[in-house]
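# Structural description and commentary
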Amino acid sequence: MAADEEAALRDVLDEEILTYQVAELLPEQRAAADLELARCSAALVAHALLRHDRAVAAVRIEEDNDPDERFASAAISAEGAERDLTDEESDALSGLDSNLMASNAAAWHPLCRDVDDRGGVYVLDVARALAAGREVLARRAAPSR
């Protein structure tokens, strides 16, 4: 089930990236695509980390040198214990964390336990991120009116 969900989210993310890059979108359509990209990316970050450690409850996301670039830096357990990501976990993220940008913060900040814009540190809640991904998939599966 989780593998199917992750694969479906990966397909949606690929579609959103292609649409965002290639299609001639109106500004509101581009903004909506950017928000979907963030929701899918947050959910895929959660899936990638859970594949390596089922006890991960949250992940610390930090700003890189560019204030619009982010990267995952630590896994956090339900008890609040933090540990650095392993090389395998970092590789599994494949840049998904860099899709969490200031421009689409409206989509992923609500998925965080803690948001520190001044310090550039965010704590993405794994359960909220997974739920956001399921909502994306549900919207896509719903019949158009």
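Everything in this summary refers to the structure shown in the same document.

Reading the values: the criteria
- Residues numbered from 1 in each chain as written.
- Predicted model: local features only at pLDDT ≥ 70, side-chain atom pairs only at ≥ 80, totals over all residues.
- Heavy atoms only, no water.
- Buried < 20%, exposed > 50% of the residue type's maximum accessible area, 1.4 Å probe, protein only.
- Helix = DSSP H or I, 4+ residues; strand = E, 2+ residues; numbered from the N terminus.
- Pairing = 2+ DSSP bridges.

## With respect to the pairing of strand S5 (residues 121–125)
- Burial within S5 is extensive, with four of its five residues counted as buried.
- Direction of pairing for strand S1 (residues 56–63) relative to S5: antiparallel, over a ladder of five bridges. Paired with Ile61 across the strands is Tyr122, a residue of S5.
- As paired strands, strand S4 (residues 112–116) and S5 are joined by four bridges and run antiparallel to one another. Residue pairing across strands places Asp114 opposite Val123, the latter belonging to S5.

## Here's the deal with the environment of Asp11
- Relative to the helices and strands, Asp11 resides in helix H1 (residues 2–22).
- Separated by 35 residues in sequence, Asp11 and Ala46 have C-alpha atoms that sit 16 Å apart.

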